[in-house]
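Listed here are the chains, written in short residue letters.
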Amino acid sequence: MKRPKPTYTRTKFCMRWRGRRWYDPNEWKLVWSAASAAGVTLAIRAAVFLLAGGQPAPLAARTPPPVGIMGTAHDLSASGMNHVTGSSEVCIFCHTPHRAPEGIRQNIPEWNHVTTSVTFVMYTSPGIKGAIDTQPVGPSLACLSCHDGTVAMGALHELPEGGGQDDYASAQGGVNRASGLMVGPNLVGRDLSNVHPISIAYRDDLNKTLRPPGELVGVKLYPSNVRGAKVQCSSCHDPHNFGTDGSTAPFLRVTKHGSSLCLACHKV
């Protein structure tokens, strides 16, 4: 008896053991293997690469490392997510071993960035227990020197090797290419009345909903975890570590899952 002529009008198949698929006996047989799947994957990647002009993924599309500043949004070098200049230096956009006149004012070693001089609207509430400074101090003032949107990213005392701190034409994401000022969702601005209070004394003796400083885990008070020390931006944020996606990113010291970040200081 003659074998019926193969037909391709319908694709009937049934699943068999070891993950192989056989079509209807009257049709062609297709067998998937690990090698064939890998080949198809490589072909798709090659096609995408060619369609993109043969260029690697842009910096902004790369996933930052969970630990360290390299490759994160705080890496303003040419290799960073939102690179501001063509400089290969990373640390200099915040720190310098020489000519750091504002380091003492910030309470940050070798602070290199020009400090903002605007007047902020501070947080206020009738039920607040700890004293709030009239203006941000310490690490919070350092953070706001970019995040208030009044000082350019590359406004430094010690310039990176080769200069270029005033050329923002190739800046990516969150940076105004004309001025170098921060824009977008990370811009805090000057009104701090609607954000968590900063430059405020931690007084668990006055506010019984706060945990004792010695019990704090993950978060930081400044200069140390003791009663009366200050809550600053970097109490909750670690500017040197991007964190893990879906947990501590971006730049959080403790995950927000289950309100763990809030509960690090506040009792339920």
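Residues numbered from 1 in each chain as written. Predicted model: local features only at pLDDT ≥ 70, side-chain atom pairs only at ≥ 80, totals over all residues. Heavy atoms only, no water.

Engineer: Pulling in residues and values, what's your account of the layout of surface pockets?
Structural biologist: Empty space left among the atoms is revealed by rolling a probe the size of a water molecule over them. The calculated volume of the second largest pocket comes to roughly 400 Å³. Looking at the second largest pocket, it is lined by 22 residues, and the ones nearest its centre are His196, Pro197, Leu210, Val231 and His266. Counting residues per element, the ones that place at least two in the lining of the second largest pocket are strand E3 (200–201), helix H4 (233–236) and helix H5 (260–263). (1 Å grid on protein atoms, 1.4 Å probe; cavity = no way out; pocket = protein on both sides within 12 Å on 5 of 7 lines; lining within 4 Å. Points joined across faces, edges and corners; volume = space filled by probe spheres on them. Helix = DSSP H or I, 4+ residues; strand = E, 2+ residues; numbered from the N terminus.)

Engineer: Residue-level account of unusual backbone geometry, with values.
Structural biologist: A cis amide bond links Tyr222 to the next residue, Pro223, at an omega of 10°. Within the secondary structure layout, Pro223 lies in the loop between E3 and strand E4 (230–231). Cis geometry is found at the peptide bond from Ala249 to Pro250, where omega equals -5°. Position of Pro250 among the secondary structure elements: in the loop between H4 and H5. Residue Phe251 is not a glycine yet carries a positive backbone phi of 60°. Relative to the helices and strands, Phe251 is located in the loop between H4 and H5. Although it is not a glycine, Ser259 adopts a positive phi angle of roughly 60°. Considering the arrangement of structural elements, one finds Ser259 in the loop between H4 and H5.

Engineer: Which residues make up the environment of Met122, and what values do they have?
Structural biologist: If you trace the backbone, Met122 turns up in the loop between helix H2 (103–106) and helix H3 (138–147). On the accessibility criterion, Met122 (12% relative accessible area) is buried. With 71 residues separating them in the primary sequence, Met122 and Ser193 have C-alpha atoms 5.2 Å apart. Here Met122 is in contact with Ile132, Asp133, Thr134, Gln135, Pro136, Leu192, Ser193, Ile198 and Ser199, once residues within four sequence places are set aside. (Buried < 20%, exposed > 50% of the residue type's maximum accessible area, 1.4 Å probe, protein only. Contact = heavy atoms within 4.5 Å.)

Engineer: Describe the packing of aromatic side chains, naming the residues involved and giving the relevant values.
Structural biologist: Ring pairs (aromatic) are described by centroid distance and by the angle formed between their planes. All chains considered together, the criterion is met by 1 aromatic pair. Summarising the aromatic geometry, the rings of Phe242 and Phe251 are spaced 5.4 Å apart at their centres and angled 80° between planes, so their arrangement reads as edge-to-face. Comparing Phe242 with Phe251, the two get one shared label, buried. (Phe/Tyr/Trp six-rings, centres within 6.5 Å; stacked < 30°, edge-to-face > 60°.)

Engineer: Quick one: what's the story with the nonpolar core, residue by residue and with numbers?
Structural biologist: Among the nonpolar cores identified, the biggest contains 14 residues, and Leu76, Val84, Phe93, Met153, Tyr168 and Val175 are the most heavily contacted of them. Those residues in contact with Val84, other than ones at most four positions away along the chain, are Leu76, Ser77, Met153, Asp167, Tyr168, Ala171 and Val175. Counting residues in hydrophobic clusters, the runner-up holds 13 residues, among them Leu210, Ala229, Val231 and Cys265. (Core = buried A, V, L, I, M, F, W, Y, C linked by side-chain atoms within 4.5 Å.)

Engineer: I'd like a rundown of the pattern of salt bridges, residues and numbers included.
Structural biologist: A complete count under the given rule lists 4 salt bridges for this structure. Notably, a salt bridge pairs Asp205 with Arg203, separated by 2.8 Å at the nearest N-O pair. According to the relative accessible area criterion, Asp205 is partly exposed, its value standing at 25%. With a relative accessible area of 27%, Arg203 lands in the partly exposed category. A salt bridge links Asp204 to Arg227; its shortest N-O distance comes to 2.9 Å. Here Arg227 lies in the loop between E3 and E4 and Asp204 lies in the loop between E3 and E4, a separation of 23 residues in the sequence. Members of the salt-bridge network, linked through shared partners, are Arg203, Asp204, Asp205 and Arg227. (Salt bridge = Lys/Arg side-chain N within 4 Å of Asp/Glu carboxyl O.)

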